[in-house]
Amino acid sequence: MRRRLNVADIIIYIILAIIGFTCLAPLLNAIAISFSDKTYAAMGDVTFWPVGYNTVAYQEILKGGQFFQSFRVSIIRVILGVTVNISLAILMAYPLSKSPMVFRGRNVAMWIMVFTMLFNAGLIPNYLLIKEIGLMDSIWALILPGAVPVYNVIILMNFIKSLPASLEESALIDGANPLQILLQIIIPLSKASIATITLFSLVGHWNEYFQGKIYINSPEKQPLQTYIQSLSITLTTDQMANMTAEEKMARMNVSSVTFNSAKAIVSMIPVVAIYPFIQKFFVTGIVMGAVKE
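What this report covers is the structure whose coordinates are included nearby. (Residues numbered from 1 in each chain as written. Predicted model: local features only at pLDDT ≥ 70, side-chain atom pairs only at ≥ 80, totals over all residues. Heavy atoms only, no water.)

## Let's talk about the overall build of the protein chain
Line of reasoning, step 1. Of the regular secondary structure elements, the protein chain holds 15 helices and zero strands.
Line of reasoning, step 2. Among the 293 residues that make up the protein chain, the fraction classed as buried is 35%.
Line of reasoning, step 3. Long-range contacts, defined as pairs at least 24 residues apart, comprise 72% of the intrachain contacts of the protein chain with a sequence gap of at least 6.
Line of reasoning, step 4. Element-wise, carbon and sulfur atoms account for 67% of the exposed surface of the protein chain, whose accessible area totals about 18000 Å². (Helix = DSSP H or I, 4+ residues; strand = E, 2+ residues; numbered from the N terminus. Buried < 20%, exposed > 50% of the residue type's maximum accessible area, 1.4 Å probe, protein only. Contact = heavy atoms within 4.5 Å. Areas by Shrake-Rupley, 256 points an atom, 1.4 Å probe, with all protein chains shown as cover.)

## Description of the packing of helix α5 (residues 106-118) against helix α7 (residues 150-161)
Line of reasoning, step 1. The contact between α5 and α7 brings their axes to 10 Å, and the two run at 140 degrees. By the angle between their directions, the pair α5 and α7 is classed as oblique. Here Arg106, Met110, Met113, Thr116 and Met117 of α5 come into contact with α7, specifically with Val150, Val153, Ile154, Met157 and Lys161.
Line of reasoning, step 2. Taken together, the residues of the contact of α5 with α7 break down into seven nonpolar, one polar and two charged. (Axes fitted to C-alpha atoms, helices over the stretch in contact; angles between N-to-C directions. Parallel < 35°, antiparallel > 145°, perpendicular 65-115°, else oblique. Nonpolar A, V, L, I, M, F, W, Y, C, P; charged D, E, K, R; others polar.)

## Observations concerning helix α1 (residues 7-34)
Line of reasoning, step 1. Here α1 spans 40 Å end to end across 28 residues, near enough to the 40 Å set by a 1.5 Å rise per residue.
Line of reasoning, step 2. By the largest-angle criterion, leucine 24 marks the main kink of α1, which is about 40 degrees, and a proline, proline 26, follows within four residues.
Line of reasoning, step 3. By the burial criterion, the buried members of α1 are Asp9, Ala25, Ala30, Ala32, Ile33 and Ser34. (Expected span 1.5 Å × (residues − 1). Bend = angle between axes of the 7 residues up to and from the residue.)

## Regarding the pattern of salt bridges
Line of reasoning, step 1. Per the counting criterion, the structure on display carries three salt bridges.
Line of reasoning, step 2. Across the salt bridge formed by lysine 221 and aspartate 137, the nearest N and O atoms sit 3.8 Å from each other. Taken together, the residues lysine 221 in the loop between α11 (210-215) and α12 (224-230) and aspartate 137 in the loop between α6 (123-132) and α7 connect sequence positions 84 residues apart. (Salt bridge = Lys/Arg side-chain N within 4 Å of Asp/Glu carboxyl O.)

## Some details on the environment of serine 99
Line of reasoning, step 1. Inspection of the secondary structure assignment puts serine 99 in the loop between α4 (66-96) and α5.
Line of reasoning, step 2. For the pair serine 99 and lysine 161, spaced 62 residues apart in sequence, the C-alpha separation works out to 9.4 Å.

Here it is in structure tokens:
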């Protein structure tokens, strides 16, 4: 039988609705501004619905082939980066989840990891290192410097430590080796934690733009965020001279407010589209009931 709503339930729903709208309001406003006429956007007349609807800002972002080339580079970067991050995180988290009696170098490895979280060589030494090992202007310059996500390793390590030890003991008795235990027991039971760090890694690689500015010299190798960040409605004299009359008129219909809003929306669409598919794994208690003590 369906429970009837009482006053407390109604108040809770109202509060949650207000909180939800508060979170969505900036996004809705940015979407509305990106589709609005520059005059209304500059005057602040746009709230949650476009005023003077047009798509000029998006046309300016998408015109030419550089946008789609940079989008392809970002997709490749995310696929390679997430694969490397998750693989190394799993391979590091599993042995570090053991006690010092089982893994003698465990404490030393942990201190080294924590040290890298607190201290960094700095921008110039990192740049010189990437240059000396020949990774400049390569997609690997965007992936290898952050190949081992220490924070994600700690998250996954703590999750693996919470798994019942009897699972691994039973597998060892049955003749399984550590690699089989990792692949057939630990990883399937750690789907929730792996999904979480996968999302962290994906968002990190997708949103990162600064590495593309300092490590990538060729425009065709720039990731999408670096390309979008470099876009500007302000043109130099040479750029104005090389534009047609139609292109000049189109650029005059775009303001920095609408242009920046469109840049933000375009850059976040892929992550927003992927998130619902990963969110379902954010459920704890996967191991509950797996072992009877």
